[in-house]
Amino acid sequence: MAHDTGTRTLVSHAQLTRGRGRIIYWTLLTVVVVGFTLVFLGPLYWMVTGALKSGQEIAQTPPSLFPKDPQLQNYADAWHNLDLAKLLFNTFYYATGALVFQVVLDTAAAYALSKLRPVFGNLILGLMLATLMIPAMVLIVPQYVTVIDLPVLHVNLLDSPFAIWLPAVANAFNIFLLKRFFDSIPEELMAAALVDGASPLRTLWSIILPMSRPILGVVSIFAVTAVWKDFLWPKLVMPSPETRTVSVGIYAFSGGTPMNVVIAASVIAAIPTVVVFLIFQRNIMSGLTTGSLKG
């Protein structure tokens, strides 16, 4: 009788352990892993090495795989010539504000839909999710019209951080992630808090949020990276050189700047997001894979 390992796969365990099957399996696995590694890390390697090349070497055809004479001065030139310190500070400021607004307001919305269950809550959630089907480019014009003349208040938000913060709050995907996580929290905990006299806000603060650190970490990373990598919207609503984000600033200076210096600036701009991902990658996996909690 075959030994049941409890795992169903397309290829049986016996075939994988035989000579030919084992060779084919490991060959395919190696090819797939190496292929995906090259696809994801190739552009990053090309960017980092391109920033170390001279202007003539980076423009030559065919391109060189390794820089012949690495020039670290390109990074210093990018930092000073493009005023990256100011651009990075602006982007960090906008990303932090977007993070705070999204965590507070999206968490409140998800908590209300999941645990408070208002009237027409499912309809509201369905309408939110329906907005994910709308291409982002279609929303650019109505969002811009709203920003230049905010309804009711009639305030122009151009060159204001709220032009980035307010649209970022309306994130149906993050609300859906948070709601799904809150749904997995046992109702017994909510009932126990209610018996103890805790208000819904107290329950959210003392019970729900401490248990939701993984998914809050995921939402935080999504919020920061979305602002950090965005280009078109900050370019429209932040026209002043003093309020530009790093992506818009690099683009604005690229016309009269050597290509190797522009690439070096792109490397510097990418470092914060790469570091954040490497530090919090466990939070991403645990937050996205958590489907239930054991009481």
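Data block above holds the structure.
Residues numbered from 1 in each chain as written. Predicted model: local features only at pLDDT ≥ 70, side-chain atom pairs only at ≥ 80, totals over all residues. Heavy atoms only, no water.

## Structural notes on the overall build of the protein chain
What counts is decided by this rule: Counting from the N terminus, the helices are the DSSP runs of H or I reaching at least four residues and the strands are the DSSP runs of E reaching at least two. Three labels apply to residues, based on accessible area from a 1.4 Å probe with only protein chains included: buried if under 20% of the type maximum, exposed if over 50%, partly exposed otherwise in between. The contact criterion used is simple: two residues touch if any of their non-hydrogen atoms lie within 4.5 Å.
Check the secondary structure of the protein chain and you find 15 helices and zero strands. The buried share of the protein chain, reckoned over its 295 residues, is 32%. Considering only contacts within the protein chain whose residues lie at least 6 apart along the sequence, 71% involve residues at least 24 apart.

## Quick word on the side chain of Thr 243
This is how the line gets drawn: Whenever two N or O atoms come within 3.5 Å, that pair is a polar contact, provided that in protein one can donate a hydrogen and the other can accept it, and provided that, for residues adjacent in sequence, both atoms are side-chain atoms.
Here Thr 243 shows up in the loop between helix 13 (232-237) and helix 14 (246-253). By relative accessible area, which is 14% here, Thr 243 ends up buried. Side chain to side chain, Thr 243 and Asp 159 meet in a polar contact 2.8 Å long. Those residues in contact with Thr 243 that sit more than four places away from it in its chain are Asn 90, Tyr 94, Asp 159 and Met 238.

## Things to note about the nonpolar core
Cut-off, in case you're wondering: In these notes, a set of buried Ala, Val, Leu, Ile, Met, Phe, Trp, Tyr and Cys residues joined through side-chain atoms within 4.5 Å is what counts as a nonpolar core.
Counting residues in each nonpolar core, the largest one holds 34 residues, and the members touching the most others are Tyr 75, Leu 84, Ile 164, Val 237, Val 246 and Ile 250. Elements represented by at least two residues in this core include exactly helix 4 (73-81), helix 5 (84-116), helix 7 (140-148), helix 8 (162-169), helix 12 (213-229), helix 13, helix 14 and helix 15 (259-289). For this core, the element with the most residues is helix 15, which contributes eight residues. Excluding residues within four positions of it along the chain, Tyr 75 makes contact with Val 48, Ala 51, Leu 52, Ala 264, Val 267 and Ile 268. Counting residues in hydrophobic clusters, the runner-up holds 17 residues, among them Ala 110, Tyr 111, Met 190 and Leu 204.

## Here we look at the packing of aromatic side chains
Worth spelling out the cut-off: In summary, the pairing rule links any two rings of Phe, Tyr or Trp, Trp by its six-membered ring, whose centres are within 6.5 Å, and it sorts them by plane angle into stacked for under 30 degrees, edge-to-face for over 60 and tilted for everything else. To sit over a ring, a charge needs its Lys NZ or Arg CZ within 6 Å of the ring centre and within 35 degrees of the ring normal.
Counting across every chain of the model gives nine aromatic pairs. Judged by centre distance (5.2 Å) and plane angle (75 degrees), the rings of Phe 162 and Trp 165 are edge-to-face. Here Phe 162 pairs with Trp 165, and both are found in helix 8, just three residues apart, close to one helical turn. Taking the ring centre of Trp 46 as reference, the NZ or CZ of Lys 53 above it sits at 4.8 Å.

## Here we look at helix 9 (residues 172-183)
Our working rule: Under the convention used throughout, the expected extent of a helix is 1.5 Å for every residue step, that is, one less than its residue count.
Its 12 residues place the ends of helix 9 16 Å apart at the C-alpha level, agreeing with the 16 Å of an ideal helix rising 1.5 Å per residue. Of the residues making up helix 9, those classed as buried are Ala 172, Asn 174, Ile 175, Leu 177, Leu 178, Lys 179, Phe 181 and Phe 182. Regarding helix 9, its N-cap is Asn 171, as a side-chain oxygen of that residue lies 3.2 Å from the backbone nitrogen of Phe 173 further along.

## Things to note about the environment of Asp 77
The residue Asp 77 is located in helix 4 in this model. Separated by 180 residues in the primary sequence, Asp 77 and Thr 257 place their C-alpha atoms 9.9 Å from one another. Apart from the residues within four sequence positions on either side, Asp 77 is in contact with Leu 82 and Val 261.

## Some thoughts on the layout of surface pockets
Quick reminder of the rule: Here the term cavity refers to a set of points on a 1 Å grid, laid over the protein atoms alone, in which a 1.4 Å probe fits but cannot get out; the term pocket refers to an open set having protein on both sides within 12 Å along at least five of seven lines, with lining residues being those that place an atom within 4 Å of a point. Grid points are joined across faces, edges and corners, and a volume is the space filled by probe spheres set on the points.
A volume near 1,000 Å³ is recorded for the largest pocket. In this structure, the largest pocket is lined by 26 residues; those nearest its centre are Ala 136, Gln 143, Pro 167, Ala 170 and Asn 171. Counting residues per element, the lining of the largest pocket draws most heavily on helix 9, at four residues.

## A word on the packing of helix 5 against helix 12
For clarity, the cut-off: Axis lines are fitted through C-alpha atoms, for helices just across the contact stretch, and the angle between N-to-C directions can take any value from 0 to 180 degrees. Should an angle fall under 35 degrees it is called roughly parallel, over 145 degrees roughly antiparallel, and 65 to 115 degrees roughly perpendicular, with every other angle called oblique. By convention the crossing between two helices is left-handed if the near helix lies anticlockwise of the far one by an angle smaller than a right angle, and right-handed if it lies clockwise. Each residue gets one of three labels, nonpolar for Ala, Val, Leu, Ile, Met, Phe, Trp, Tyr, Cys and Pro, charged for Asp, Glu, Lys and Arg, and polar for the others, Gly among them.
Contact pair helix 5 / helix 12: the axes reach a minimum separation of 8 Å and the direction vectors enclose 140 degrees. The angle between helix 5 and helix 12 falls in the class oblique. Crossing geometry of helix 5 relative to helix 12 is assigned as right-handed. Touching Leu 88, Thr 91, Phe 92, Tyr 94, Ala 95, Ala 98, Leu 99, Gln 102, Val 103 and Thr 107 of helix 5 are Leu 216, Ser 220, Ala 223, Val 224, Val 227 and Trp 228, all from helix 12. Class assignment for the residues of the contact of helix 5 with helix 12 results in 12 nonpolar, four polar and no charged.

## Concerning the pattern of salt bridges
Pairs may arise between side chains of opposite charge once their charged atoms sit close together. For clarity, the threshold we go by: Salt-bridge detection follows one rule: a side-chain nitrogen of Lys or Arg within 4 Å of a carboxyl oxygen of Asp or Glu.
With the rule as written, the count across this model stands at three salt bridges. In this structure, the salt-bridge partner of Asp 183 is Lys 179, at a minimum N-O distance of 2.9 Å. With a gap of four residues between them, Asp 183 and Lys 179 both fall in helix 9, about one helical turn apart. Judged by its relative accessible area of 12%, Lys 179 is buried.

## Notes on a nonpolar patch on the surface
Let me state the cut-off plainly: Each patch groups residues whose relative accessible area exceeds 30% and which form no salt bridge, using 9 Å between like charges and 5 Å between nonpolar side chains of Val, Leu, Ile, Met, Phe, Trp and Tyr. Methods summary: accessible areas were calculated by the Shrake-Rupley approach with a probe of 1.4 Å, and residue burial reflects only the protein chains presented.
Residues Val 32, Phe 36, Val 39, Phe 40, Leu 41, Leu 44 and Val 48 make up a contiguous nonpolar surface patch of about 660 Å² in total accessible area. Topologically, Phe 40 is positioned in helix 2 (residues 19-50). Of the residues examined, Phe 40 reaches a relative accessible area of 61% and is grouped as exposed.

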